[in-house]
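Next come the chains, spelled out residue by residue.
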Amino acid sequence: MPLRPDRPLRRTLAVLVPPVLAAGLLAGTGAAPASGAPGAPGAPGAPRASAAPQVPKQPVARGAGGAVATVDPDASRVAVEVLRAGGTAADAAVAAAATLGVTEPYSAGIGGGGYFVHYDASTGRVQTVDGRETAPLAMGPDAFVQDGQPIPFAEAVSSGLSVGVPGTPATWAEALDRWGTLSLAEALEGATEVAREGFVVDETFRQQTADNEARFRDFTSTTRLFLPGGELPRVGSVFRNPQLARTYDLMARQGVDVLYRGALGRDVVRTVQRPPVAPGVEREVRPGLMQRSDLAAYDAPLRRPTVVGYRGYDVYGMAPSSSGGSTVGEALNILERSPLRRLDRTQVLHRYLEASALAFADRGAYVGDAEFVDVPLQRLLSDDYAATRACLIDPRRALPKPVLPGDPYGDGGCATAEAAGGDQEGLSTTHLTVADRWGDVVAYTLTIEQTGGSGIVVPGRGFLLNNELTDFNFTDTQAAIGGTDPNLPGPGKRPRSSMSPTIVLRDGEPVLAVGSPGGSTIITTVLQTLVNRIDLGMTLPRAIAAPRASQRNTATVSAEPGFPTGRLQRLGHAFTETAEIGAAAGVEIRRDGTFVAAAEPVRRGGGSAMVVRPRR
Ligand code: GLU
């Protein structure tokens, strides 16, 4: 496909984002801090009354010219301004992600990693950047074992040991270089302004701080940044992060090498090796193994996406080191063998739960960092293999869980199923989706793993370090069923992820992109959203809003309160109620080229969808 004539050439738009925010285009449209709010808990000096321009938060937007959906109105606003000024989806996605590093600092930031999935309208190709955090070279398979026992998970989380080499800055540099028109400095402008001017604290931010308060207090740098004056931030006050604004400025001037080879990297390594534990703290905080050479060796490679055909659509996802693409893809292949449109809702949901469990069993047995373990990816994603799994599903009765993995190396047949363990991933992370007027689309999920990551802020730098290495299994989860765990720690290895940024094409054109946070429930959230949209015919906003359930090959299914459990229980499914699963964000591209951007109406306080030219 030729480059569209009106598409900006890379690097021709040096002046394109004149102070994204200075335009003040959106100022005055709402939500100044509540009067009497104390203002500026993160800021030195006198509190100021106003934050960066605020916009009302709405979960659905329809219109033209480009679209964005994130969990946060500041991030969506910054992204839509980049689009409006002529930036590409990649430009806007990086700008939004950097802003989420400010406003969602417990879920994402330059101390973490993620996966960037991109559809390029000029080539018709989907490509992905693997910006997953990486274990230091000194990390062996027993890194999380002490005296023959796995160390307590909570201790592993709040430690230097769990900090992987961050991949987010490298992802931004790679994405801008390949598909952007902005320099890194330009892409960071909006976010830097939000860091400097502040954002209005909402209930979610306050609650997440409260949930982390005990461990945040154990680190001097984290207390200083997120509990200024020793207090939780108040809802309605303005939170500023001048430390992070300076860090972004530094990165704008020196590029991401300031992390991988420069002064910022030195600070990161020092913090990992000697976490700034407050005096008198009793928590055992293990130091990490990261060295400057680990940072210098980091790479965010392009990876070929996974792809499966599903009812006339091509569903592209993230290949290992994430298990997102393979697990969503395998489950779709299994589901495609059932005529879902002709079945009643109970049967559709029954098969959705069973397909998830079967695909999760294979995820546990076969998926890890493919540079270290032999992942039978093609086989797992083949229709033939799906047939050997789908035949296990009994329409009258749920399979006993956990089910055994299948044999992707075998020669077909309907294997028996039964038996393997759970996981303990965090429920943090954030997802954003962007589409631009040229037809490019981005689905980008990024994380620092747990809400609050390792709990350790790099002193003076304004961001938290991840605890992504707790996504490794600490001991061999497959030994009991005669396998070898593909997700044990290893030197330079990437822990298996569940992040599932997904782009769906039809006849080569993008129609939908979606993703979610939520640890391993990400996979089921993305899968359920696709089934809701494609098989149950819901609109994208409804597909996202509908009550969710997540079956990850465990004895019980976690389900949100509104999920219809009654008839499924009669088929043998057992449920445990959970308040909320995921926080999805997606964009649908309609035949006429207009967009439906959709975020959560309620979960996590609701998300923010925007388009460049709203439909009247
Ligand atoms: N660390 C998780 C993963 O990579 C994501 C964490 C979360 O969503 O809470 O799958």
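On a predicted model such as this, the values are computed, not experimentally measured, just so you know.

A. Broad picture of the side chain of Ser326. When you line up the elements, Ser326 lands in helix 12 (residues 324-335). Separated by 3.3 Å, the side chain of Ser326 and the backbone oxygen of Ser323 make a polar contact. When near neighbours in sequence (up to four residues on either side) are disregarded, Ser326 contacts Thr306, Met318, Val367, Leu377 and Leu381.

B. Quick peek at the nonpolar core. Counting 78 residues, the largest nonpolar core has Phe116, Trp172, Phe226, Tyr248, Met251 and Leu432 as the members making the most contacts within it. With 11 residues, helix 2 (residues 89-103) is the single largest residue contributor to this core. If near-sequence neighbours (up to four positions away) are discounted, Tyr248 is found in contact with Ala98, Gly101, Val102, Ile110, Trp172, Leu188, Ala191 and Thr192. Ranked by size, the runner-up nonpolar core spans 71 residues in total, among them Leu381, Val531, Ala549 and Ala597.

C. Local environment of the pattern of salt bridges. For the structure shown, the criterion picks out 26 salt bridges. Among the salt bridges present, the one from Arg270 reaches Asp267, with a minimum N-O distance of 3.5 Å. Of the two residues, Arg270 and Asp267 both sit in helix 10 (residues 263-273), three residues apart, roughly one turn of that helix. By relative accessible area, Arg270 is classed as partly exposed at 46%. On the basis of relative accessible area, Asp267 is assigned to the buried category, the value being 13%. The closest approach of N and O atoms between Arg303 and Glu371, which form a salt bridge, is 3.1 Å. Remark: Glu371 occurs in the loop between helix 13 (345-366) and helix 14 (377-380) and Arg303 occurs in strand 8 (residues 302-303); sequence separation between them is 68 residues.

D. Layout of the state of the cysteines. Summed over all chains, the structure comprises one disulfide. One disulfide bridge connects Cys391 with Cys414, the sulfur atoms lying 2.0 Å from each other. In this structure, the disulfide formed by Cys391 and Cys414 twists by about 120° around the S-S bond and is classed as right-handed. Placement of the pair is Cys391 in the loop between helix 15 (383-390) and strand 11 (430-436) and Cys414 in the loop between helix 15 and strand 11, with a sequence separation of 23 residues. Given a relative accessible area of 41%, Cys414 falls into the partly exposed group.

E. Region of interest: the packing of helix 2 against helix 5 (residues 184-197). For the pair helix 2 and helix 5, the least separation of the axes is 7 Å and the interaxial angle reads 20°. Between helix 2 and helix 5, the crossing angle belongs to the class labelled roughly parallel. Like other packed secondary-structure pairs, helix 2 and helix 5 cross with a definite hand, here right-handed. Across the interface between the two elements, Val94, Ala95, Ala98, Thr99, Val102 and Thr103 of helix 2 pack against Ala187, Leu188, Gly190, Ala191, Val194 and Ala195 of helix 5. Taken together, the residues that form the contact of helix 2 with helix 5 break down as nine nonpolar, three polar and no charged.

F. Here's a closer look at the UniProt feature "binding site: L-glutamate" (unreviewed entry) in the protein. Sequence positions flagged by UniProt for "binding site: L-glutamate" (unreviewed entry) are, in local numbering, Arg132, Asp471, Ser497, Ser498 and Gly519. Taking the farthest pair of C-alpha atoms as the criterion, the annotated set spanning 388 residues converges on one region, since that pair is 14.2 Å apart. Mapped onto the elements of the fold, Arg132 is located in the loop between strand 3 (125-131) and strand 4 (145-146). The exposure class assigned to Arg132 is buried, which follows from its relative accessible area of 0%. A relative accessible area of 2% places Ser497 in the buried class. If we skip the residues at most four places from it in the chain, Ser497 touches Tyr115, Arg132, Ser321, Ser322, Ser323 and Gly324.

G. Representation of the sheet that holds strand 17 (residues 574-577) within the structure. Strand order in the open sheet made by the three strands is 15-16-17, with mixed pairing throughout. What marks the edges here is a single partner per strand, and that holds for strand 15 (549-550) and strand 17. One ladder, built from four bridges, connects strand 16 (residues 556-559) with strand 17; its direction is parallel. By the bridge assignment, Ala559 is partnered in strand 17 with Glu577.

H. Representation of the environment of Arg337 within the structure. Along the chain, the position of Arg337 falls in the loop between helix 12 and helix 13. Since its relative accessible area comes to 48%, Arg337 is described here as partly exposed. Each residue touching Arg337, except ones within four places of it in the same chain, is listed here: Asp383, Ala386, Ala387 and Ala390.

I. The arrangement of the packing of aromatic side chains in detail. Tallying each qualifying case throughout the model produces 16 aromatic pairs. Relative to Tyr409, the ring of Tyr366 lies with its centre 6.3 Å away and its plane at 75°, an arrangement referred to as edge-to-face. Of the two residues, Tyr366 is situated in helix 13 and Tyr409 in the loop between helix 15 and strand 11; the sequence distance between them amounts to 43 residues. On the accessibility criterion, Tyr409 (52% relative accessible area) is exposed. Its end group placed over the ring of Tyr313, Arg506 keeps NZ or CZ at 4.4 Å from the ring centre.

J. Broad picture of the confidence of the model for the protein. Put simply, the protein has an average pLDDT of 90, and 90% of its residues get 70 or more. Note that residues 10-49 has pLDDT below 50 and, in this model, 89 contacts with residues that lie over four places away or in other chains.

K. Up close: the pairing of strand 1 (residues 60-70). When you tally the buried positions in strand 1, you get nine out of 11 residues, the bulk of the element. Pairing geometry for strand 1 and strand 19 (residues 595-599), over four bridges, is antiparallel. Across the sheet, Val60 pairs through a bridge with Ala598, a residue of strand 19. Where strand 1 lies against strand 20 (residues 608-614), six bridges are found, and the strand directions are antiparallel. Counterpart to Gly63 in the pairing with strand 20 is Pro614.

L. Focus on unusual backbone geometry. The amide bond that connects Pro320 to the next residue, Ser321, takes the cis arrangement and shows omega of 25°. One can find Ser321 in the loop between strand 10 (313-317) and helix 12. Look at the link from Lys401 to Pro402: it is a cis peptide, with omega at 0°. Within the fold, Pro402 resides in the loop between helix 15 and strand 11. Located in the positive-phi region is Asp147, a residue other than glycine, with phi close to 50°. Given the relative accessible area of 73%, Asp147 is considered exposed. Of note, Glu449 is a non-glycine position whose phi angle comes to about 80°, a positive value. Residue placement: Glu449 occurs in the loop between strand 12 (441-447) and strand 13 (502-506). Under the relative-accessibility criterion, Glu449 is labelled buried at 3%.

M. Representation of helix 2 in the model. Under the 1.5 Å per step criterion, the end-to-end length of helix 2 is 20 Å for 15 residues, consistent within 8% with the ideal 21 Å. Counting buried positions along helix 2 gives 15 out of 15 residues, so the element sits mostly inside the fold.

Calculation rules
Residues numbered from 1 in each chain as written. Predicted model: local features only at pLDDT ≥ 70, side-chain atom pairs only at ≥ 80, totals over all residues. Heavy atoms only, no water. Helix = DSSP H or I, 4+ residues; strand = E, 2+ residues; numbered from the N terminus. Polar contact = N/O pair within 3.5 Å; in protein donor to acceptor, adjacent residues only side chain to side chain. Contact = heavy atoms within 4.5 Å. Core = buried A, V, L, I, M, F, W, Y, C linked by side-chain atoms within 4.5 Å. Buried < 20%, exposed > 50% of the residue type's maximum accessible area, 1.4 Å probe, protein only. Salt bridge = Lys/Arg side-chain N within 4 Å of Asp/Glu carboxyl O. Disulfide = S-S within 2.5 Å. Axes fitted to C-alpha atoms, helices over the stretch in contact; angles between N-to-C directions. Parallel < 35°, antiparallel > 145°, perpendicular 65-115°, else oblique. Left-handed = near helix turned anticlockwise from the far one by under 90°. Nonpolar A, V, L, I, M, F, W, Y, C, P; charged D, E, K, R; others polar. UniProt positions renumbered as here; feature names shortened; annotations may be inferred. Pairing = 2+ DSSP bridges. Phe/Tyr/Trp six-rings, centres within 6.5 Å; stacked < 30°, edge-to-face > 60°. Lys NZ or Arg CZ within 6 Å of the ring centre and 35° of its normal. pLDDT = per-residue confidence, 0-100. Expected span 1.5 Å × (residues − 1).

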